[in-house]
Amino acid sequence: MIHCDGLVKIYKTSDLEVFALQGLDLTVETGELMAIIGNSGSGKSTLLNMLGGLDRPTAGHLTVDGKDMLKMKEAELVRYKRESVGFVWQNNARNLIPYLTALENVELPILLTGRRRRLRALELLEAVGLAHRARNKLHQLSGGEQQRVAIAIALANQPRLLLADEPTGSVDSRMAEQILDLFRELNRQLNLTIVIVTHDPLLAKKVDRVVAIRDGKISSEMLRRKSYDEELRELEAGLAQEGTPSHVEYAILDKAGRLQVPADYLQAIGIKDTNKVKLELGDAKIVLTPPDEGA
């Protein structure tokens, strides 16, 4: 579904260049449910905007659903955003029109498709568990319910890719859990590829793959040890071992064999105030040690 190769994004002002992405490589398979995490300024929202056609890369290669995002003309880009991708934003002001009902909000994007909008909108609200709130205005809905309406809107064009930017950032932990369960259900039922940008650690327990971005590149990935369904079955049967992590974290090598070592790892072995480390090979391991005195 998604292939990024050496992706670079530079924002320029009159006297400054900011590298938001610095040669990022990423592949996402069709039907994946994954999360992208990273500190503010790491490049994760920049990547999401480019996947959604809201911004163009400066250099590198980016294909989404077989479409070359660097070579698309403006009309093709508009069609892509209308037909192939759905968005869910943290700020409901970007998702919803406040003076309309939940049903009317969902009907609006369906007008562009020529489908029977009332029936389709009701089906979408039912899919997100809000059919009983269809006639309510937005101020009559909780923050979590408004976010569910936003998800229904994002599904209105029957996208193959759903992009969510901090979708649980404005709701409490209980509602965040429900929204994440909804994403998983939609992923299963529709074989929908879902990419979520988040700071929420709860997501790691819900998705199969978590990609961490640091300084504009992929620094590590966390992959689920067992399928989510298998974990649930073990939990229900009382077989789950308390304290066992659900994911395994792997550092990512770029094509030149470079990797990013977390700062706290380096500090833990006494590496500070230097950009040098010793590499030693032994027993099928590569060992990092502090430099010799005076190095």
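Residues numbered from 1 in each chain as written. Predicted model: local features only at pLDDT ≥ 70, side-chain atom pairs only at ≥ 80, totals over all residues. Heavy atoms only, no water.

## Brief notes about the overall build of the chain
Along its length, the chain carries eight helices and 13 strands. Projected onto its principal axes, the C-alpha positions of the chain cover 75 × 60 × 30 Å. Split into buried and exposed, the 295 residues of the chain put 43% on the buried side. Partitioning the intrachain contacts of the chain with sequence separation of at least 6 by distance along the chain shows that 65% fall at a separation of at least 24. Just so you have it, the chain exposes about 16,400 Å², and 51% of that area is on carbon and sulfur atoms. Side-chain charges in the chain split into 39 positive and 41 negative, and the spacing between the mean points of these groups amounts to 6 Å. (Helix = DSSP H or I, 4+ residues; strand = E, 2+ residues; numbered from the N terminus. Buried < 20%, exposed > 50% of the residue type's maximum accessible area, 1.4 Å probe, protein only. Contact = heavy atoms within 4.5 Å. Areas by Shrake-Rupley, 256 points an atom, 1.4 Å probe, with all protein chains shown as cover. Lys, Arg positive; Asp, Glu negative; His and termini not counted. Charge placed at Lys NZ, Arg CZ, Asp CG, Glu CD.)

## What about the sheet that holds strand E3 (residues 33-37)?
Taken in spatial order, the seven strands make up an open sheet running E6-E7-E8-E3-E9-E10-E11, and their pairing is mixed. Every interior strand has two partners, whereas the edge strands, strand E6 (85-89) and strand E11 (247-251), have only one. Taken over all neighbouring pairs, the strand axes of this sheet differ in orientation by 20° on average, direction set aside. Here five bridges tie strand E10 (residues 217-224) to E11, and the two strands are oriented antiparallel to one another. From the neighbouring strand, arginine 224 faces E11, where its bridge partner is histidine 247. With respect to the sheet, helix H1 (residues 44-51) is in contact with E3, E6, strand E7 (161-165), strand E8 (193-197) and strand E9 (209-214), its orientation differing from that of E7 by roughly 150°. (Pairing = 2+ DSSP bridges. Axes fitted to C-alpha atoms, helices over the stretch in contact; angles between N-to-C directions.)

## With respect to the pairing of strand E1 (residues 2-12)
Pairing geometry for E1 and strand E2 (residues 17-28), over nine bridges, is antiparallel. Within E2, the position partnered with lysine 9 by the bridge is leucine 21. Between E1 and the antiparallel strand that follows it, E2, lie four residues. Of the pairings in the sheet, the one linking E1 to strand E4 (residues 59-64) comprises five bridges and is antiparallel in character. Considered in E4, the bridge of isoleucine 2 is made with valine 64.

## Points about the packing of aromatic side chains
Geometry of an aromatic ring pair is reported as the spacing of the ring centres plus the angle between the planes. Summed over all chains, the structure comprises one aromatic pair. Between phenylalanine 87 and tryptophan 89, the aromatic rings sit 5.3 Å apart at their centres with planes inclined by 5°, giving stacked as the arrangement. The class for phenylalanine 87 is buried, based on a relative accessible area of 18%. (Phe/Tyr/Trp six-rings, centres within 6.5 Å; stacked < 30°, edge-to-face > 60°.)

## Things to note about a nonpolar patch on the surface
On the surface, Ile269, Val277, Leu279, Leu281, Ile286 and Leu288 cluster together into a nonpolar patch covering about 590 Å² of accessible area. You can see leucine 288 is positioned in strand E13 (residues 285-289). The class for leucine 288 is partly exposed, based on a relative accessible area of 31%. (Patch = residues over 30% accessible without salt bridge, like charges linked within 9 Å, V, L, I, M, F, W, Y side chains within 5 Å. Salt bridge = Lys/Arg side-chain N within 4 Å of Asp/Glu carboxyl O.)

## Brief notes about the nonpolar core
With 42 residues, the main nonpolar core has Val106, Leu125, Val149, Ile151 and Phe183 as its most contacted residues. Elements with a minimum of two residues in this core: E3, helix H3 (102-110), helix H4 (117-127), helix H5 (143-154), E7, helix H6 (173-190) and E8. Of the residues forming this core, the biggest block, seven residues, is contributed by H6. Dropping the residues within four chain positions of it, valine 106 is found in contact with Ala121, Leu124, Leu125, Val149, Ala152, Ile153 and Ala156. Core analysis: the next-biggest nonpolar cluster, separate from the first, contains 30 residues, Leu21, Leu26, Leu48 and Leu77 among them. (Core = buried A, V, L, I, M, F, W, Y, C linked by side-chain atoms within 4.5 Å.)

## Let's talk about the pattern of salt bridges
Scanning the model with the defined rule gives 12 salt bridges in all. Here lysine 9 and aspartate 55 are joined by a salt bridge, their closest N and O atoms 3.2 Å apart. Residue lysine 9 is found in strand E1, and its partner aspartate 55 is found in the loop between H1 and E4; the two are separated by 46 residues along the sequence. With a relative accessible area of 22%, aspartate 55 lands in the partly exposed category. One salt bridge in this structure joins arginine 224 and aspartate 208, with 3.3 Å as the shortest N-O distance.

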